[in-house]
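Residue-level structure breakdown
As a plain string of letters, each chain reads:
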Amino acid sequence: MKSILIVEDDITYGMMLKTWLGKKGFQASSVSSIARARKHIETESVDLILSDLRLPDHDGIDLLKWLGEKELYIPLIMMTGYADIQSAVQAIKLGACDYVAKPVNPDELLKKINEALSAPQPEKAAAPAPSAGGSELHGHTGHGIAPASVLQSDFIEGESDVARQLFNYVRLVSPTNMSVLINGASGTGKEYVAHRIHQLSKRADRPFVAIDCGSIPKELAASEFFGHVKGAFTGALSDKTGAFVEANGGTIFLDEIGNLGYEVQIQLLRALQERKIRPVGSSKEINVDVRLVTATNENLEQAIEKGTFREDLYHRINEFTLRMPLLKERREDILLFANFFLDQANRELDKHLIGFDEKASRALLEYHWPGNLRQMKNTVRRATLLAQGKYISLAELSELQETAAPPVGMSLRNEEAEKQHILEALRQTGNNKSRAAQLLGIDRKTLYNKLKLYNIQ
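This is a predicted model, so every value here is computed, not measured.

Each value, and the rule that gives it
- Residues numbered from 1 in each chain as written.
- Predicted model: local features only at pLDDT ≥ 70, side-chain atom pairs only at ≥ 80, totals over all residues.
- Heavy atoms only, no water.
- Helix = DSSP H or I, 4+ residues; strand = E, 2+ residues; numbered from the N terminus.
- Buried < 20%, exposed > 50% of the residue type's maximum accessible area, 1.4 Å probe, protein only.
- Contact = heavy atoms within 4.5 Å.
- Areas by Shrake-Rupley, 256 points an atom, 1.4 Å probe, with all protein chains shown as cover.
- Salt bridge = Lys/Arg side-chain N within 4 Å of Asp/Glu carboxyl O.
- pLDDT = per-residue confidence, 0-100.
- Phe/Tyr/Trp six-rings, centres within 6.5 Å; stacked < 30°, edge-to-face > 60°.
- Pairing = 2+ DSSP bridges.
- Axes fitted to C-alpha atoms, helices over the stretch in contact; angles between N-to-C directions.
- Expected span 1.5 Å × (residues − 1).
- Core = buried A, V, L, I, M, F, W, Y, C linked by side-chain atoms within 4.5 Å.
- Right-handed = clockwise from strand over helix to strand, strands pointing away.

Quick look at the overall build of the protein chain
The number of helices and strands found in the protein chain is 19 helices and 14 strands. With 457 residues in all, the protein chain has 51% of them scored as buried. Sequence separation of 24 or more characterises 71% of the internal contacts of the protein chain that already satisfy a separation of 6 or more. By element, 47% of the accessible surface of the protein chain is carried by carbon and sulfur atoms, the whole surface being about 21800 Å².

See the structure below:
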């Protein structure tokens, strides 16, 4: 029988948890302070600790540090509320295997306990020191804070209601062969969701091929999709395999599909309907079997009205629609993502920051994030580079202190500053207008208008 130590200063709540865990087959004990918890751990066998964050003598983080100093690896699940999310992040960086939000959901808690108890224990049982910056995390994070070092991913799903709903839909549609249209603003994570659909599909062992339709010259789009034979056009010096053949049996992801020319839309529709493609310049057809996922930040229904997007293609790609929420619509996730990006930046820049101080956390929560997750990732990366102490402060987040929504998603004081910012974005992206627009947190049409306004060639 596994033994669980409950560290909770609310005696009634602690006894309720103890009784409930007893009914679930655990041997549970309850103490009301960190001092009593230490004494219990030194004298009794403990397989898992369920600790409140705020306690009369110390807090749960002090208990984690003590376990690390004693080289005791005992899985610890932190109980906290959204108001203490920053501390929960720090707790996981110091070795907590998970956290659970109060009021506790019994089913979720039981799942996290079983996951923590079944996770393999390291040979040397030591919680990581604070200076490790969260690079040595043990256990399973479940649906709590999901550090990059655990997920080995470029994204986390989030804990907000809109995030939960979105990924419930993702899990629902992924095993099917339905075409999925992902609709959302730049920087909201559309490609990650497309990749996740592929990973959860029956095609997961087959290729995933992504194409940014906004960066392909219109005259080369057909060649990118369907391939070409040598000599098909000027510059076709050898045969080329198109994306549809590369993705055969798997998933093809077409980002910013609204940028496709009308002629290519016709060819794409035919390929999807007949499951056949013909390379440019070839008389032979090739059978293909692909699952289509597309994304756009445009209103395709308006494009249909204007005559720039085919209605029959729209219905073919739109068997199931997913809407990506803006970052400002999922406020509960802001600090989760900020700390997730901090972990990435720590590894990339060889830094060891623990988190954000109180003022910096407040600034992150209050900012409107016009560039969404992409802007936040860049902001946190820059702040990580600049920070001198253990925590990122408001000084490193100066760009967030002017919160009026400017025309290109940044705080720009005047037109000359705006022009210079656009030029810098173009320089960083090698004059790729689609990428520059993403970096600026605007759509391509807005960027084109700005280029014309400032006479930028």
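Once the structure has been displayed, the description carries forward.
A word on the pattern of salt bridges
Evaluation of the coordinates by the stated rule reveals 17 salt bridges. Residue Glu108 is joined to Lys112 by a salt bridge in which the shortest nitrogen-to-oxygen separation is 3.7 Å. Remark: Lys112 and Glu108 occur in helix H5 (residues 106–118); sequence separation between them is 4 residues, near one turn of the helix. On the accessibility criterion, Lys112 (4% relative accessible area) is buried.

Notes on the confidence of the model for the protein chain
On average, residues of the protein chain carry a pLDDT of 81, and 86% of them reach 70 or more. The lowest-confidence element of the protein chain is helix H6 (residues 148–151), averaging 27 in pLDDT; the highest-confidence one is strand E6 (residues 180–183), averaging 96. Between residues 123–153, whose pLDDT stays under 50, and residues either more than four places distant or in other chains, the model counts 82 contacts. The low-confidence segment residues 403–413, where pLDDT is below 50, has 29 contacts with residues more than four positions distant or belonging to other chains.

What about the packing of aromatic side chains?
The final tally for this structure, using the stated rule, is 9 aromatic pairs. Centre to centre, the rings of Phe208 and Phe253 are 6.3 Å apart; their planes meet at 20 degrees, and the pair counts as stacked. Here Phe208 is found in strand E7 (residues 208–212), whereas its partner Phe253 is found in strand E8 (residues 251–255), with 45 residues between them in sequence. When its relative accessible area of 0% is taken as the criterion, Phe253 is described as buried. Geometrically, the ring pair formed by Tyr367 and Trp369 is edge-to-face, given 4.8 Å between the ring centres and 85 degrees between the ring planes. Given a relative accessible area of 1%, Trp369 falls into the buried group. An aromatic cluster is present here, built from Phe225, Phe226 and Phe244 joined pairwise through their rings.

Let's talk about unusual backbone geometry
Of note in the backbone geometry, Glu71 takes a positive phi value of approximately 55 degrees without being a glycine. Residue position: Glu71 is located in the loop between helix H3 (60–69) and strand E4 (76–80). For Trp369, which is not a glycine, the phi torsion comes out positive at approximately 50 degrees. Relative to the helices and strands, Trp369 is located in the loop between helix H15 (358–366) and helix H16 (372–386).

Remarks on the sheet that holds strand E11 (residues 291–296)
The 5 strands are arranged E7-E8-E11-E6-E12 in an open sheet whose pairing can be described as parallel. In this open sheet, the two edge strands, each paired with only one partner strand, are E7 and strand E12 (320–323). The sheet shows a mean angle of 20 degrees between the axes of neighbouring strands, direction not considered. Each of E6, E11 and E12 touches helix H7 (residues 161–173); the most contacted strand, E12, lies at about 155 degrees to it. Relative to E6, helix H8 (residues 190–199) is tilted by about 155 degrees, and along the sheet it contacts E6, E7, E8, E11 and E12.

A word on H8
Those residues of H8 that sit buried are Lys190, Tyr192, Val193, Ala194, Ile197 and His198. Looking at the buried side of H8, the elements it contacts are H7, E6, E7, E8, E11 and E12.

Details of the environment of Pro217
Tracing the sequence through the fold places Pro217 in the loop between E7 and helix H9 (221–226). What makes Pro217 partly exposed here is its relative accessible area of 37%. Each C-alpha atom, one on Pro217 and one on Leu260, is 9.3 Å from the other, the two residues being 43 residues apart in sequence.

Considerations on helix H14 (residues 334–349)
Look at H14: 22 Å from first C-alpha to last across 16 residues, which is about the 22 Å you get at 1.5 Å a residue. Asp350 occupies a position one or two residues after H14 and carries a positive phi of about 55 degrees.

Structural notes on the side chain of Arg330
With respect to the helices, strands and loops of the structure, Arg330 is situated in the loop between E12 and H14. Judged by relative accessible area, Arg330 falls into the buried class, the value being 2%. Those residues within four positions of Arg330 in sequence are excluded, and the remaining contacts are Glu157, Gly158, Ser160, Val162, Ala163, Pro325 and Phe337.

Some points on the nonpolar core
Side chains of nonpolar character tend, in soluble globular proteins, to be buried together. In this structure, Phe225, Phe244, Leu254 and Ile317 are the most contacted members of the largest nonpolar core, which totals 31 residues. Counting only elements with at least two residues in this core, the list comes to E7, H9, helix H10 (243–246), E8, helix H11 (262–274), helix H12 (300–306) and helix H13 (311–317). If one sorts the elements of this core by residue count, H11 sits on top with 5 residues. Apart from the residues lying within four places of it in its own chain, the contact partners of Phe225 are Ile211, Cys213, Gly242, Ala243, Phe244, Leu254, Leu260 and Val264.

Notes on the pairing of E4
Counting buried residues along E4, 5 of its 5 residues qualify, which places the element largely inside the surrounding structure. In terms of strand pairing, strand E3 (residues 48–52) meets E4 through 4 bridges, oriented parallel. Looking across to E4, one finds that Asp52 is bridged to Met79. After leaving E3, the chain enters H3 and then returns to the sheet as E4, a path that is right-handed. Here 4 bridges tie E4 to strand E5 (residues 98–101), and the two strands are oriented parallel to one another. Note on E5: the bridge partner recorded for Met78 is Tyr99.

Considering the sheet that holds E5
Across the sheet, which stays open at both edges, the 5 strands sit in the order E2-E1-E3-E4-E5 with parallel pairing between neighbours. Of all the strands in the sheet, the pair left with one neighbour each is strand E2 (27–31) and E5. Mean inter-strand twist for the sheet, computed between neighbouring axes without regard to direction, equals 20 degrees.

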